[in-house]
Structures are given as C-alpha cells and as structure tokens.
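Close look at the chain arrangement
Here's the letter readout for the chains.
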2 protein chains.
Amino acid sequence: MADPEAQNPVAEEPAGPSKSELKKRQKALEKEKQVAEKAAKQQELAAQRAAADVDYATEFYGPLPLHQSQTRPRLPRIEISSLSARDGETVLFRARVQTSRAQGSKMVFLNLRQRADSVQALVVVSPETISKQMVKWTAALADESIVLVQGLVKKTPEPIKSASVQDVEVHVSQVHLISGIDGRLPFSLDDASRPDTDEVVTDADGKAQQFSRVLLETRLNNRVVDLRTQTNQAVFKMQSGIGDLFRQFLSSQGFIEIHSPKLQGAATESGASVFKVSYFKGNAFLAQSPQLAKQMAIAADFERVYEIGPVFRAEDSNTHRHLTEFLGLDLEMTIEEHYHEVMELLDGLLLSIFRGLREKYHNEIGLIGKQFPADEFKWREGPEGTLKLTFRNAIDMLVEDGVPRETLDDINTENEKRLGRLVKAKYDTDYYIIDKFPMELRPFYTMPDPEDPTLSNSYDFFMRGEEILSGAQRIHDPALLAEKMRAKGVDPESMKPYVDAFRMGCAPHGGGGIGLERVLMLFLKLNNIRRASMFPRDPKRLDP
Amino acid sequence: MADPEAQNPVAEEPAGPSKSELKKRQKALEKEKQVAEKAAKQQELAAQRAAADVDYATEFYGPLPLHQSQTRPRLPRIEISSLSARDGETVLFRARVQTSRAQGSKMVFLNLRQRADSVQALVVVSPETISKQMVKWTAALADESIVLVQGLVKKTPEPIKSASVQDVEVHVSQVHLISGIDGRLPFSLDDASRPDTDEVVTDADGKAQQFSRVLLETRLNNRVVDLRTQTNQAVFKMQSGIGDLFRQFLSSQGFIEIHSPKLQGAATESGASVFKVSYFKGNAFLAQSPQLAKQMAIAADFERVYEIGPVFRAEDSNTHRHLTEFLGLDLEMTIEEHYHEVMELLDGLLLSIFRGLREKYHNEIGLIGKQFPADEFKWREGPEGTLKLTFRNAIDMLVEDGVPRETLDDINTENEKRLGRLVKAKYDTDYYIIDKFPMELRPFYTMPDPEDPTLSNSYDFFMRGEEILSGAQRIHDPALLAEKMRAKGVDPESMKPYVDAFRMGCAPHGGGGIGLERVLMLFLKLNNIRRASMFPRDPKRLDP
C-alpha cells in the first residue's frame, strides 16, 4: 500500500497541485459544464413548452416532489443579504413567503424572507415565461410557505421600505413550492413583529388600529412561528454571541471548559428547590448549579475552569425573571492573595461581553429596539471603572431615599430595582457591583470576612437594577466548611464526596455564576426572561 | 454630570493618553513602588530576625492563617512552566508537594507541581535563613499539601528527570503551608500515573515490581485526587479543546449556538430509555437528545444551529462506552439539494477537530500516550478524502471475512469492531463513514431513500471501529412524519408541538449528534469512556 502521507495535498502544497488534484479539478470543470448545459436545455424546453401553451403551474412551477435528496445538480443558491451586490444577475434561492399580494390578475408582489433579511419579488405575466395561471397560483401561496425562486435582480427606482434589502428587487422567472402550510398560522409575522405594548394604539381619527397585539402566552404556545420574526432572529443571534464572548475572554485568561454532571446522588445546596429524578431503582437529583463540581475541579488542580450548561431550580416562582431551567455561565478560579482578584476578573468578563455586544451586534440591537424600545444599556468606562458598592453602602442609599432601615435585612426585588434607579441617577450607569454581603444571606460554602464574621467575601453584579451574577470566595478548609454546613442545617455526611475533596488539599478559590438569559433580557430590556429563552420552562410550561 | 463619553479612554486613544489616564498610571507606579518598598522592608525584617535567632518554623514559615483574603500585597506569583526562563531570579509561587524527600537532617528535596508542570526544589539548612527545624518541618510535609514557596531559580548541572522543568531547580528561602491533608491519600500520584495495564510487571529478577496499579473503580471513587495526574490534566485540556474546535468550525460555517430545554413535557423519541422527573404536581422527562428542539429551530428559520449540552439515557448498560449522562455535540442545518451536504459538512467538522488536536495538543497526546500507549489515530487526508461505505458495502466486507450474512440485519458492537479492523487493514484509516442505513434501524424522523424505501438517508461515523456520530436527513413533511410515527408505534398526538412545527412550513434539513467523550476516548484510546468524563455517571455511579 502507498504511503498515505505521499497523497496528502497539504504536505505537497509547496510543489503545486498533484496529478490527482489536477484530474479532480478537470472533472469538476466538466461537471460544471454539464450542469450549465443541462440548465440551458431546461430553459430551451421551457421556451418550447411556452410556445405550446403548456400549463406552467403544474408543469414547471408549483409544488416540487417531497425533497428526499433525489438529485444534486449543484446549482449555486444565494442569500438574500447578498442581493444588493447582484444587480443584473439571475439568481436562485430558497425563502419564506412573508406576504403575497396580487395587483390585478397579471402581477403579484412577494415579500421573501431568510432569517432577518427580506426582499421584494415580482411575478408578472409574460407571454414566453409566465402564464396567468402561474400568477394566480403564486398569488394564492399561503404566508410562511417556503419556495424556491429563480429571477433577475434589478435596481429599484425607489427604496423598498417593506424589505431589508431596499435597493434591488427580484423579477421572478420561476417559483416552486418546497414546503406548504398545513392549517392556519396562529398569527401573522407582521403582527408578531409589532411593538409588544399594552398601550391602546389609535389612528388619526381616534379609532383603535386594526392590528392585533400578540400576547406573550400565544407567542410561546406557537414559539416556532414566533421565533421567525426579525426581532427573535436577532435576539438569539445575540444569545449565541454572549456565549462566544464569555468563552473568548475566559480562554484568553487561561480557563478551560469543563462539563459536570447534572444528575447528582444527593439533594445538595438547598434541598427545597431540587428536582427529583427516578434513577433505575433509586433516585437522583438535578443539579441546581455546577457549584460543587467546579469547586471539586479546583481541588483537582484545574486552577481556572468554566462551564456553560443548564441549571435547574424547582422554585414555584412565576415571575418575569425566573425560569425552572436556565443557562448558567459559571466559572471558578484559584485565588493568590485576595478574592477581589475573582471579582475583578468577573468585572473584566462582563465589560468584555458588553463591549463585544455593542461592537458586533449593532444592527441587531437596532432591530430589536424597534419592537422593544429601550434606553441604550450604559456602563462606566475609563479610569474610574465599574461602580463598586458595599452591601452597607447600598442599604444607606436606600435608607436615604426613604426605605425604613428595619426592613433592610435583605434587599428584596422591589428595593433592588429602586437601588438601580438611585444608582442610575447618581452614577449614570446600568451596571454595578455590590460587595460584602452579610454572611447569613449566603450559602454555607461562602468564606466569611476575615475581620467581621457577620460579613462575607461575596458579591452580586447587577444590570438595570436586577441581579445577573452571584459569587464569592468559597471555604476551602474542610473543618470550617463542616462547621458552616451544620450551622445551616446541612449534614456534612450527606455531601461526603464534596467535603472529602477539601480534605485532600485545596487552594483558596472563588467564582461566580451568570444567568445567560438575564444578561440578554436586561441588556436589551426585553422585560420578560421567557423572551430570552428559545423554549422557556417555568412551573406551568414544559412545551413546546 | 460630565459626558461619560469624554472620559472614555477608548474614544480618546488617537489623541494619546488623557490627563486622567496619566494620573492613573502615575498612581499605579507609586503603588508599585510602595509594594516594592514594603517587600524590601519585610526582607530586611526577616534578616534582622535571622540575626536574633528567631524560630522560623513557627514565625516565618509553617502554616499561614486560613486564607480569608486578609491582605493583598500584590506580589507577583509565577507559573512553574515559566521557570526555565528565570535562571537567577527570586520567585514566588503556589504549588502542590508531589513528594518531599529528606537527605539527612540538613536537606530536603521537594517535587513541586502545578497542573501538568513540575519542578525540583531544595530546602537546605543555612545559618542565616533556614533552620534545622524548618528542614524537619518541610521534610514532614504530607504529599499533596499546597505550599507557597519563595526561592532562587538556578540552572542544574544535569537534567532533572523526575520533573517536567528539567533545566532549573528552585533553592528555597521560604515555604508556607496554604492547605494541608486531612486524612490519608487514597493513592499516591506516582502510582496513579503509572500505565493502567493488567499485565504483571516484573523486574529483572523476575519479581513482581513493588508498585500498585490503581483500579479504575478506586480512581473514580477518589476522582478529585485521580484528576490531578499529568495524564488527566492533559485529557481534560483536550476535552475542552474539542469543544473549541467544534465551535470554531461551525461558527465559520454560519452556525449559531442554541440552548434547548432538557426538561420535556413528554417522554419522546423512545419512551423506554427516558428518565422521569417529579415536576411540581406532575412529571417531566429528561431529553435524550436535543433532536426535537434543534429541528424546531430549523422550522423557526435559524438555518444552521448547534448545541453543546448534556444528554440523558436511562439505559441500564454497564459497558466501556455507555454513560447515563454524556455531552452531546449536536448540529442541524437546512439542505439545499441533497443530504450529502450535511454528511460532508460533518466530515469537514470531524477532520478539522482531528487536525486541530494533532496540531495544538501534540504535547498532551505524548503525555497521555505514556500512560495509555496507542497507535496514533489515523485518518485519510488528500484528494481521495474520507472513506465512505454504504451499509451494504459494510455487510459485504463482514460476510467476506466469514460472518454469516443472516446474522447481519444490524451490525452489533462486536461486528462493528471487526469492521473497524477490516477497514484499517484495507484502507489504513481509523476514521470512516457508513451511509444508507436500513430504514428499520433508524428512528421515525429519518427520511427514507427516494428510490428504495427500505433504505434511509442516514449515516454513522466511526473511530477505531466504534460509532461516534449518528445522523440523517429528517422528515420535514408533517403527513409523512405522522405516518412513520404510527408505523413505529408513536402517537403523533403525544408529540403535538413537534409535529405542529412542520405544519407551519419547514425546509428540508438534516444533522447529527456526536458524543464528546467517545471522540476523546477513541482519539486517545483511553479504552473506557469513564476516563473521558470528569465525573462519569452510569447506572451504578452518581458520585462524586
């Protein structure tokens, strides 16, 4: 057998293409030629049939057979977003029919959509290519059908305001149906794209306008259609972007990604809000966070780890900001001298996400803003850096604003938002950190402050007055850990593998967990966390 | 309040540093100076105390107070991997004591470790800095203790073979204990690092050697210690790398990342192997794959999506390659003409992962190979490309090798491995694709072949004779989908939100799911999938 390395074109590159590579290219050229000839023949045939007055709606147009990968002609298909640069070209592409509007019996306007891009297309009766039946058939295409379209790209005299590509339109020569609609759409994409507001919208005459507002509940029940709006295409592109920015920053700081099990042997952290799973002949529990595993990864010397994964909370809270399953962006790292190393790294991480979103997703932010109007999310740049308050500072600000001090053992949701407004007014920022929470408000694994044992080395991060990150230095000493567990009513024996990890030596460490959907919701002011989750889960929703 | 933009150093950059920036830098310089002065003072104090014959073991050495972030002197700490370039420097770093070996009463050799790096350090009695007590204390340090070490880096006359940094060693001036060991180590790191073999190893005299092999079960029961070996540090660095390579390739191909819920309302796909969850007053089920959600994302026009997330299988299989929870690398994309577009993209993805691993993790592969010797993983590069067999071809190869055709309705695990050996012998590759599986072997959502309805547009990918990826074109037509569901005994009404997604129009599409741990196990020949999972879960293991 020949040495496989000898056939490796990468290894051969400096010496130019190999014989077999040349042969391959020749073959590809021949194939291309054949395809072009075939296409020309088809067009010729089409012209002949046109002359013979054949019914195009059933012959050359209309529904294609069910796509089972019957053929592979390798005809290039383009993206709508590229059309502006293709004036004068004949193009082929697959798209949704957002709307189809007949103009008399000889012309149809189509609004064709791909993801967040759309273009106007015209189907006009023409003696040689387009019959009256064809126009009729096209006019009757259901909204949200998927079609394969061939046509000529032409500059438009005036910008097409109803489409995202405004300077060209497509003069259609063929339309085929790839996938139709079976039943009635729950709502039109146009309706679903209108601002989601409770205000009654009236026209100039004072009459309520004739568009229906699509309720969130209706959207979520029909999420697959709802997700097709430009807004939602942009929202989930940005969700993906936050993950990328999170990983990029941490990777540059020496972190590796870990994957910890969601199935756990014991109901840990806080037994009350844990989902129970039937596990063969026994039970398991769903992890409320990767907390234990990521700390164990530190005890196992991985030094800096992050995880992106689902987090399960069996809390019966039907609020705008709680889900029973959400995406946790978690990290844990060793501390050299002080837990502020962790807090500062987390701050750098958040800033890098905010900057990345503003730079890379400028268009998406604009699009989403049309449906969800919001003041641009603000943070502090420059030498002063992110605003850092202590818990005590925060309480004082609230007391100064009139909240009775005796109600402020903890800061509830309402006061959190109030604090957000106070901070915004005083410091002009939507993003800040509160440090040094009282020990009694934090979980058992939180490291106490070295000077005041009622305080802890812990922090929360906020966006627009809502918590998006919670973190702390953790207890790495097994004796102190066991003591704090008992104080909170947790039996150290019930979490033996976790406590044992620290018995085998563990460096000082800290970390934090970010709620992905919260960051997305609050950056864009989507007002409900369900809008930031593709298929949200809450106590009442397990479908779709 | 001043315009915050005016204080933004990014906006100001072209005009050089602002006044506030300069002030900040001055401050930083001053702080640095103060820190340096403080450090010098401390050293001076140390010298004075030395002159006064103070007991260092309790005063300047020995255990530090519990690290609660008491101070932040900002003394730079270095990584062991950087030591070769620091000959002559006094350095400070945190490390594990892998071993501590006294040489008489005046000298101790330490092997100090960080992740996969290690260095030799010496503690030698010296009248001015190191007392006899100190040497004694250091010699008694338990293996796996964590210490803070200060010392002078010096070139060694001969390479230190027991350390990864071989050209320098550290002459210690201070050792502090950061975290000790509470109890007995389950095994030594040296033992855990030996080849995991069943062979009896004998020395030159024919006696069995005196090292103990650490059983996999023991390792997994004490995973936090086991994960500290160089081998495991490298394995999980590579696991993280596979995720990176997966995302990088797909991102370059226009994919976005999605997150689908693991909690589902119905026991879908195949009811037999689904975990049931108590969900408030009802039940939920853990997703066996993101299959349904990612197809719905296609029906929602996201065009190309991927997901990295846990996958749950309630199968009572205690084999070397099954876990009840594993990491799925899943993708789904629209098809323009033929499902081979998907198969070819998946092939490109796998090749890009293999190439990335070989290029970026050369050292790690070498390290792991010492404990798990393996032939280098081989794939075909060059114009011939990846080997693609049809299911029929594969059966023929097995029959030709002597397997009775009548036993080959499906290819079982044993025959899969046999086929792997046949392919390796004939084609010299550890990686290949089998296409066109019989319809009856695939799930209900698989698209049938357009010509032979007993076949399907589906494929599996293999590494070293084991399946690592399964995928197919999916049925996007709701009527055909319902028909195939009924044929497999699934009531379409039981999965209404899924079937409804296709009623609202869906493009032809296909995809696949890769098992992350399998790719890692087979690339490195780790022989058991538990070694490729940080905290593995199987029917008998939920801890740690």
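Residues numbered from 1 in each chain as written. Chains lettered and ligands numbered in written order. Predicted model: local features only at pLDDT ≥ 70, side-chain atom pairs only at ≥ 80, totals over all residues. Heavy atoms only, no water.

Identification of chain A as Aspartate--tRNA ligase, cytoplasmic from Mycena maculata is taken from an unreviewed UniProt entry. The Catalytic activity (unreviewed entry) field of the UniProt record for chain A holds the comment "tRNA(Asp) + L-aspartate + ATP = L-aspartyl-tRNA(Asp) + AMP + diphosphate". Here is the UniProt Subcellular location (unreviewed entry) comment for chain A, exactly as written: "Cytoplasm". (UniProt positions renumbered as here; feature names shortened; annotations may be inferred.)

1. Quick look at the sheet that holds strand 13 (residues 387-390) of chain A
Residue and element names in this part refer to chain A. Spatial ordering of the open sheet is given by 7-11-12-17-16-15-14-13, a layout of 8 strands whose pairing is mixed. Each edge of the open sheet is held by one strand with a lone partner, namely strand 7 (256-257) and strand 13. Strand direction decides the pairing type here: strand 13 and strand 14 (residues 431-435), joined by 4 bridges, are parallel. The residue of strand 14 that forms the bridge with K388 is I433. (Pairing = 2+ DSSP bridges. Helix = DSSP H or I, 4+ residues; strand = E, 2+ residues; numbered from the N terminus.)

2. A few points about the sheet that holds strand 14 (residues 431-435) of chain B
All names here are of chain B. Here we have 8 strands laid out as an open sheet, ordered 7-11-12-17-16-15-14-13, and mixed in their pairing. The strands lining the two open edges of the sheet, one partner per strand, are strand 7 (256-257) and strand 13 (387-390). The sheet contact formed by strand 7 and strand 11 (residues 304-312) spans 2 bridges and is parallel. Paired with E257 across the bridge in strand 11 is Y306.

3. Digging into the pattern of salt bridges
Applying the stated rule across the entire model yields 78 salt bridges over all chains. Of the charged contacts in the structure, one is a salt bridge between E344(B) and R72(A), with a shortest N-O distance of 2.9 Å. Residue E344(B) is found in helix 10 (residues 340-360), and its partner R72(A) is found in the loop between strand 1 (62-63) and strand 2 (90-103); the two belong to separate chains. By relative accessible area, which is 35% here, E344(B) ends up partly exposed. You can call R72(A) partly exposed: its relative accessible area is 23%. Among the salt bridges present, the one from R223(A) reaches D226(A), with a minimum N-O distance of 2.9 Å. Remark: D226(A) and R223(A) occur in helix 7 (residues 223-226); sequence separation between them is 3 residues, near one turn of the helix. D226(A) shares its class with R223(A); the two are buried. Within this structure, R96(A), R113(A), E144(A), R228(A) and D301(B) form a network of salt bridges that share partners. (Salt bridge = Lys/Arg side-chain N within 4 Å of Asp/Glu carboxyl O. Buried < 20%, exposed > 50% of the residue type's maximum accessible area, 1.4 Å probe, protein only.)

4. Quick word on helix 12 (residues 391-400) of chain A
All names here are of chain A. Listing the buried residues of helix 12 in full gives F391, A394, I395, M397 and L398. The buried residues of helix 12 occupy an angular sector of 160° when projected down its axis, which confines them to one face. Residues of helix 12 that are exposed and point more than 90 degrees away from the buried face comprise R392 and E400. Looking at the buried positions of helix 12, the neighbouring elements they touch are strand 13, helix 13 (413-427) and strand 14. (Arc of directions from axis to C-beta. Contact = heavy atoms within 4.5 Å.)

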